[in-house]
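Reading the structure
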Amino acid sequence: MTRKTRRLWLVLICIACFGTAIGLILRAFSSDIVFFVTPSQIVASPPPDHRLVKLGGMVVAGSVHYSKHKETPVVTFDVTDGRTAVTVTYQGILPDLFREGQSVIVIGTVTSKHRFTASEVLAKHDETYMPKEVADALRKSGKWDPRFGPPPPDIWHSNQN
Amino acid sequence: MTHPVFIIASYGITFIIVTVLSVEAALRLRRARTQLTVLEKNTSHSSNL
Amino acid sequence: MPDSIPPRSCTSHTMITRTRHFFHYYANPGRFYHISTRIQPYVTYSALFFTFIGLGWGLFFSPPDWQQGDTVRIMYIHVPTAILASAGYAALALCGLSTLVWQHPLANLAAMEIAPVGACATALCLITGSLRGKPMWGTYWVWDARLTSVLILFFLYLGHISLIRAFEDKQRGYQAAAILALAGVIDLPIIKFSVDWWNTLHQPDSITLTRAPTISRSMLWPLILSMLGFSLGFCALVFARLRAAILEVRIRALLFPSHRRSNIV
């Protein structure tokens, strides 16, 4: 083994050790790195009162109700992860992407077992990109309704344009 | 649902940063080239670059 | 390898020698200068060509997205700069490996010149992402895993830029920066897989190696063209800076012939 080969192995071993260490740290803190918790996690183990939590899920179709409380718009909607739903109340302006079937992240506090008061609503958009006409055509043909969640993965094989 | 300000700002800042990088690289190259020509004219031994 | 031990496999041995010769041949700064000077105009003009076509197509002719509307056009800058931010750092790490193991003078100069361009790409990625986040998500910034790991990449670039210039003895600067570049490589897989490992506000990647892209073709083509244009532009900038750096080494050698070599190269 020449000096250069030995140096190469030394450097590679150092990177491998360092990588393993970082990997183990990330694994240990994995539950803190997640950006949001799901409705079933909140219902199963409710966080302590007044603690700010980020709740993520899909807005249930037909659950959005608008009302007004002293000039500010108030909206209530259900957020689900497919197993449980939590009713969210929010006062303020919603982001553009907010609609039924959209993934959202609401930041706020849990008030009772299935109730949540949000101080901030963030809309998540998924990784599918398509022109409006394609989305409309898919909806008309009955292959996919955006009110019930993101498009199924197999539409990309049948509907490429 | 159009947000022209955000789109224009994105393209604008990209154009500015790319232009600054390109002009800086071009000027640096030109300065180095002229300086090297002057130096090589003054020194007796020829460069082997 | 000592003469007494015959090479295990003759073909692999000659192949390694040949590759080594190949790298030694083209990694010579003077030779690199001549070759890069010859190919520079081709890289520069094709970069301009593809960037204009890609961005023009994306800005004026591609359709608005069904959920993001016209704001999707920011993607044609955001995605190429994001890829270059990671690819530039990978190049920086390869230079670092070359500095530590083979002590190539060209690798030292390349590390010095790639880092500022990569830092600019990362900054552009963060800025355009934030400008897209405000109208789409409803916020300029969140501390989710993807956004935070890219911000860490930006600081790694800044650390590299200052560390490589921090020493009187240039060789020590190159070595310290090389160690930082190699340690920071851990951030690249974290950036790539952050959207799969943890739940994030940022959506998962649309273009992957394992499944069909989830982008309609009318948006995929301008994106591919701008990725090509930006990548060629990155190469063109690095080539120009590297050529200037090679000339500057030569100038220092002529101006200060009595200095120690480690203060010049």
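Residues numbered from 1 in each chain as written. Chains lettered and ligands numbered in written order. Predicted model: local features only at pLDDT ≥ 70, side-chain atom pairs only at ≥ 80, totals over all residues. Heavy atoms only, no water.

Okay, the overall build of chain B next. For chain B, the helix and strand inventory stands at 1 helix and 0 strands. Per-residue burial for chain B yields a buried fraction of 27% across its 49 residues. Carbon and sulfur atoms make up 67% of the accessible area of chain B, which totals about 3400 Å². (Helix = DSSP H or I, 4+ residues; strand = E, 2+ residues; numbered from the N terminus. Buried < 20%, exposed > 50% of the residue type's maximum accessible area, 1.4 Å probe, protein only. Areas by Shrake-Rupley, 256 points an atom, 1.4 Å probe, with all protein chains shown as cover.)

A few words now on the overall build of chain A. Looking only at helices and strands, one finds 5 helices and 6 strands in chain A. Secondary structure elements in chain A, listed N-terminal to C-terminal, are α-α-α-β-β-β-β-β-β-α-α. Intrachain contacts of chain A at a sequence separation of at least 6 include 50% that bridge at least 24 residues. Summing over all exposed atoms, chain A offers an accessible surface of approximately 9400 Å²; the carbon and sulfur share of this is 59%. (Contact = heavy atoms within 4.5 Å.)

Turning our attention to the interface of chain C and chain A. If you look at the interface, chain C gives 46 residues, while chain A gives 40 residues. Carbon and sulfur atoms make up 63% of the area that chain C and chain A hide from each other, which totals about 3900 Å². Scanning the region where chain C abuts chain A turns up 18 residue pairs in polar contact (both at pLDDT 80 or more). Elements with a contribution of two residues or more to the side of chain C that touches chain A: helix 3 (75-101), helix 4 (105-136), helix 6 (170-184) and helix 8 (217-255) of chain C. The element contributing the most residues to the side of chain C that touches chain A is helix 3 of chain C, with 4 residues. (Buried area = accessible area lost by both parts, 1.4 Å probe. Polar contact = N/O pair within 3.5 Å; in protein donor to acceptor, adjacent residues only side chain to side chain.)

Residues and elements named next belong to chain A. Those residues of helix 4 (residues 132-140) that sit buried are Val-134, Ala-135 and Leu-138. Buried positions in helix 4, seen along its axis, are confined to an arc of 100° and lie on one side of it. When the buried face of helix 4 is taken as reference, the exposed residues oriented beyond 90 degrees from it are Glu-133 and Lys-140. One or two residues past the end of helix 4 sits Gly-142, with phi positive at roughly 80°. (Arc of directions from axis to C-beta.)

To continue, consider the pairing of strand 3 (residues 72-80) of chain A. A regular strand places its side chains so that they alternate between the two faces of the sheet. All names here are of chain A. Bridge analysis of strand 1 (residues 53-59) against strand 3 gives 2 bridges, and the strand direction is antiparallel. Counted as the bridge partner of Val-59 is Val-79 from strand 3. Examined bridge by bridge, strand 2 (residues 65-69) and strand 3 share 5 bridges and lie antiparallel to one another. Note that in strand 3 the partner of Ser-67 across the bridge is Val-74. What sits between the antiparallel neighbours strand 2 and strand 3 is a turn of 2 residues, in which Lys-70 has the positive phi angle 50°. Pairing geometry for strand 3 and strand 4 (residues 85-91), over 7 bridges, is antiparallel. Across the sheet, residue Val-74 finds its bridge partner in strand 4, namely Gln-91. (Pairing = 2+ DSSP bridges.)

What follows concerns helix 7 (residues 187-197) of chain C. Buried within helix 7 of chain C are the following residues: Asp-187, Leu-188, Ile-190, Ile-191, Ser-194 and Val-195 of chain C. Lining the buried residues of helix 7 of chain C we find helix 1 (3-28) of chain A together with helix 3, helix 5 (145-163) and helix 6 of chain C.

Here we take up a nonpolar patch on the surface. Taken together, Trp-9, Leu-12 and Ile-13 of chain A make up a surface patch of nonpolar side chains, about 310 Å² in accessible area. Following the sequence through the fold, Trp-9 of chain A ends up in helix 1. (Patch = residues over 30% accessible without salt bridge, like charges linked within 9 Å, V, L, I, M, F, W, Y side chains within 5 Å. Salt bridge = Lys/Arg side-chain N within 4 Å of Asp/Glu carboxyl O.)

If you trace the backbone, Phe-35 of chain A turns up in the loop between helix 2 (30-33) and helix 3 (39-44). With sequence-adjacent residues up to four places away left out, Phe-35 of chain A is seen in contact with Lys-54 and Ile-105 of chain A together with Val-142, Trp-143, Asp-144, Asn-199, Thr-200 and Leu-201 of chain C.

Turning next to the packing of aromatic side chains. For the coordinates displayed, the defined rule picks out 8 aromatic pairs over all chains. Centre to centre, the rings of Phe-154 of chain C and Phe-155 of chain C are 6.0 Å apart; their planes meet at 50°, and the pair counts as tilted. For Phe-154 of chain C, a relative accessible area of 19% translates into the label buried. Its relative accessible area of 48% is what places Phe-155 of chain C among the partly exposed residues. Note on Phe-193 of chain C and Trp-197 of chain C: the rings are 5.4 Å apart at their centroids and 25° apart in plane angle, and the pair reads as stacked. Of the two residues, Phe-193 of chain C and Trp-197 of chain C are both situated in helix 7; the distance of 4 residues between them amounts to about one turn of the helix. Taken together, Phe-193, Trp-197 and Trp-198 of chain C form an aromatic cluster joined through their ring pairs. Geometry around Phe-35 of chain A places Lys-54 of chain A over its ring, the cationic atom sitting 5.0 Å from the centre. Over the aromatic face of Phe-193 of chain C sits the side chain of Lys-192 of chain C, whose NZ or CZ is 5.2 Å from the ring centroid. (Phe/Tyr/Trp six-rings, centres within 6.5 Å; stacked < 30°, edge-to-face > 60°. Lys NZ or Arg CZ within 6 Å of the ring centre and 35° of its normal.)

Time to look at the pattern of salt bridges. Under the defined criterion, the tally for this structure stands at 9 salt bridges over all chains. Measuring nitrogen to oxygen at the nearest pair gives 3.7 Å for the salt bridge that ties Lys-132 of chain A to Asp-136 of chain A. Residue Lys-132 of chain A and its partner Asp-136 of chain A are located together in helix 4, separated by 4 residues, close to a single helical turn. Of the residues examined, Lys-132 of chain A reaches a relative accessible area of 45% and is grouped as partly exposed. Under the relative-accessibility criterion, Asp-136 of chain A is labelled partly exposed at 24%. For Arg-28 of chain B, the salt bridge is made with Glu-113 of chain C, and the minimal N-O distance between the two is 3.0 Å. Of this pair, Arg-28 of chain B sits in helix 1 (residues 4-42) while Glu-113 of chain C is found in helix 4, placing the two residues in two different chains. The exposure class of Arg-28 of chain B is buried, given its relative accessible area of 13%. One network of salt bridges, with partners in common, ties together Glu-24 and Arg-28 of chain B together with Glu-113, Arg-241 and Glu-248 of chain C.

This part takes up the environment of Ser-226 of chain C. Its place among the elements puts Ser-226 of chain C in helix 8. Every residue in contact with Ser-226 of chain C, bar those within four places of it in the chain, is listed here: Gly-54, Leu-55, Tyr-76 and Pro-80 of chain C.

On to the packing of helix 3 of chain C against helix 4 of chain C, then. All names here are of chain C. It is at 8 Å that the axes of helix 3 and helix 4 come closest, and there the two elements cross at 155°. By the angle class used here, helix 3 and helix 4 are roughly antiparallel. Like other packed secondary-structure pairs, helix 3 and helix 4 cross with a definite hand, here left-handed. The residue inventory of the contact of helix 3 with helix 4, partitioned by class, reads 16 nonpolar, 9 polar and 1 charged. (Axes fitted to C-alpha atoms, helices over the stretch in contact; angles between N-to-C directions. Parallel < 35°, antiparallel > 145°, perpendicular 65-115°, else oblique. Left-handed = near helix turned anticlockwise from the far one by under 90°. Nonpolar A, V, L, I, M, F, W, Y, C, P; charged D, E, K, R; others polar.)

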